[in-house]
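Topology and contacts: notes
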Amino acid sequence: MPKLKVPVSAADHIQGPESAAVTLVEYGDYECPHCGHAYAIVKRIQKHFGKRLRFVFRNFPLAQIHPNAEAAAETAEFAGAHGKFWEMHDLLFENQGELGGPLFLELSEKLGLAAEPLEQALKDRTYRERVRADFSGGVRSGVNGTPTFFIGAQRHDAAFEYEDLVAAIEDAIAPSALSA
Amino acid sequence: MTNAAASPRPFASSGQGMKLEPQPQKPAGILPPGTKAPDFTLHVTPDQTLSLSELRGRPVVLAFYPADWSPVCGDQMALYNEVLPEFQKLNAEIVGISVDGAWCHRAFAEERHLHFPLLADFEPKGAVSRKYGAYRESNGFSERALFVIDKEGVIAWSYNSPVAVNPGADGILQALENLPK
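Quick summary incoming for the structure in this document. Remember, it's a predicted structure, so these values are computed and weren't measured experimentally.

What counts, and where the lines are drawn
Residues numbered from 1 in each chain as written. Chains lettered and ligands numbered in written order. Predicted model: local features only at pLDDT ≥ 70, side-chain atom pairs only at ≥ 80, totals over all residues. Heavy atoms only, no water. Helix = DSSP H or I, 4+ residues; strand = E, 2+ residues; numbered from the N terminus. Buried < 20%, exposed > 50% of the residue type's maximum accessible area, 1.4 Å probe, protein only. Areas by Shrake-Rupley, 256 points an atom, 1.4 Å probe, with all protein chains shown as cover. Pairing = 2+ DSSP bridges. Axes fitted to C-alpha atoms, helices over the stretch in contact; angles between N-to-C directions. Contact = heavy atoms within 4.5 Å. Salt bridge = Lys/Arg side-chain N within 4 Å of Asp/Glu carboxyl O. 1 Å grid on protein atoms, 1.4 Å probe; cavity = no way out; pocket = protein on both sides within 12 Å on 5 of 7 lines; lining within 4 Å. Points joined across faces, edges and corners; volume = space filled by probe spheres on them. Nonpolar A, V, L, I, M, F, W, Y, C, P; charged D, E, K, R; others polar.

In this section: the overall build of chain B. Each helix and strand in chain B was counted, giving four helices and nine strands. For chain B, the residues scored as buried account for 55% of the 181 residues in total. Total accessible area on chain B stands at roughly 7900 Å², and carbon and sulfur atoms take up 56% of it.

Put into structure tokens, the structure is as follows:
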């Protein structure tokens, strides 16, 4: 069973406290419809578990089939460099049908970030290496498509509907109580 | 690229719509490491063939898979397509093999923008898959079996994934890295 090879670190985009009982890591692609579907589920999961759960999002753009996926990931990283990663992450998924240059600039302005530096960063591919590093680490960890979730270090191979994820996370938090 | 509400996990179930697991098959066993990789010649396009022996001198990855056109927006072949730069860094050649015909492979590769060869184990059907122990008689298609062949043409690593589970690329990369330089 494949395991998460790149431990969660300060370099990651993290929601939730370090003291959380369990960490959910998602490898995702902003243009992947399944990730769009999972986006709303993860929100509910976070609400359900509160401080017991830490959530990490890592980039896994399938660029050959999703032409806007890399630029979307780089846009989120640009926002992250300005302290607005999660806001951009959310907006990208909420506007998944409109991904592309104009939307990236519009969302950036909406978050109070100037459009020009983003345009430059996308042109220079400033955040490309960061995105590729996520991707490479994911491949090494056995990410086989998007979204791929890890609960703790364990790849979650089952379905990722709300109930499935809740059960799997509960299981990771208190394995003995549930398997008894 | 659809199936938005798909669950179970879309990538882990590529090939929905076909009966992938009618009955658990006795694992006849794929060829193990240490075996000389059987040579073969298959169509790579409708008018071109490729032989394994032509690739001698560098590592080769053979990825047998059940069928083109799995109804998800990324599958095993799409993943390898994305990982291609990493295979190339390791000087390896990757080829996909299924029982689909060369015209089918062409359409599939074009639609998914695949940048590596897909071989047609089409006539006689599944003959090469059988040589590698990677044919599912009960289904009439190939197993999801991976082979890393060293530059001398000997199998260095092989792995047979449950047919409904996309095995990913981590095992292949590890095996390529473990090859003697």
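So, about the sheet that holds strand β1 (residues 13-15) of chain A. Residue and element names in this part refer to chain A. Taken in spatial order, the five strands of this open sheet run β1-β3-β2-β4-β5, and their pairing is mixed. Both edges of this open sheet fall to β1 and β5 (154-156), since each of them pairs with a single strand only. Going from strand to strand, the sheet's axes swing by 25° on average, the running direction of each strand aside. Pairing geometry for strand β2 (residues 22-28) and strand β3 (residues 53-59), over seven bridges, is parallel. Counterpart to Gly28 in the pairing with β3 is Asn59. On the sheet, helix α1 (residues 33-49) packs against β1, β2, β3 and β4 (148-151) and is oriented at approximately 160° with respect to β3.

What follows deals with the pattern of salt bridges. For side chains of opposite charge, pairing can occur when their charged atoms come near one another. Per the stated rule, a full pass over the model turns up 13 salt bridges over all chains. Linking Glu74 of chain A and Arg125 of chain A is a salt bridge whose minimum nitrogen-to-oxygen distance equals 2.7 Å. Taken together, the positions of Glu74 of chain A in helix α2 (residues 69-81) and Arg125 of chain A in the loop between α5 (115-124) and α6 (128-140) put the pair 51 residues apart, joining distant regions of the chain. Glu74 of chain A sits in the buried class, given a relative accessible area of 2%. By relative accessible area, Arg125 of chain A is classed as partly exposed at 30%. Between Glu177 of chain B and Arg140 of chain A there is a salt bridge; the shortest N-O distance is 2.8 Å. Of the two residues, Glu177 of chain B is situated in helix α4 (residues 170-178) and Arg140 of chain A in helix α6; the pairing between them involves two chains. Owing to a relative accessible area of 34%, Glu177 of chain B belongs among the partly exposed residues under this scheme. Residue classification places Arg140 of chain A among the partly exposed residues on the basis of a relative accessible area of 25%.

With that out of the way, let us pick up the pairing of strand β8 (residues 144-149) of chain B. Residue and element names in this part refer to chain B. Of all the six residues making up β8, six are buried; the element is thus mostly covered by neighbouring parts of the structure. The alternating pattern of β8 places Arg144, Leu146 and Val148 on one face and Ala145, Phe147 and Ile149 on the opposite face, and all of these are buried. Relative to β8, strand β3 (residues 60-64) is paired through four bridges, and the arrangement is antiparallel. Residue Val60 lies in a different strand from β8, and its bridge partner there is Ile149.

Counted according to the given criterion, the structure contains two cavities of 30 Å³ or more. Lining the largest cavity are Gln15, Glu26, Tyr39, Val42, Lys43, Gln46, Phe55, Trp86, His89, Asp90 and Phe93 of chain A. Elements supplying a minimum of two residues to the lining of the largest cavity: α1 and α3 (85-94) of chain A. In terms of residue class, the lining of the largest cavity is made up of five nonpolar, three polar and three charged. As a volume, the second largest cavity reaches approximately 40 Å³. If you go around the second largest cavity, the residues you meet are Ala37, Leu52, Leu55, Arg56, Arg58, Val60, Ile149, Asp150 and Gly153 of chain B. Per-class residue counts for the lining of the second largest cavity are five nonpolar, one polar and three charged.

What follows deals with unusual backbone geometry. Residues Thr146 of chain A and Pro147 of chain A are joined by a peptide bond in cis, for which omega reads -10°. Checked against the element boundaries, Pro147 of chain A lands in the loop between α6 and β4. The phi torsion at Asn91 of chain B lies on the positive side, around 65°, for a residue other than glycine. Tracing the backbone through its elements, the reader meets Asn91 of chain B in the loop between α1 (76-89) and β4 (93-98). Note on Asn91 of chain B: relative accessible area 42%, which makes it partly exposed.

Read these as layout, nothing more, since geometry by itself doesn't imply function.
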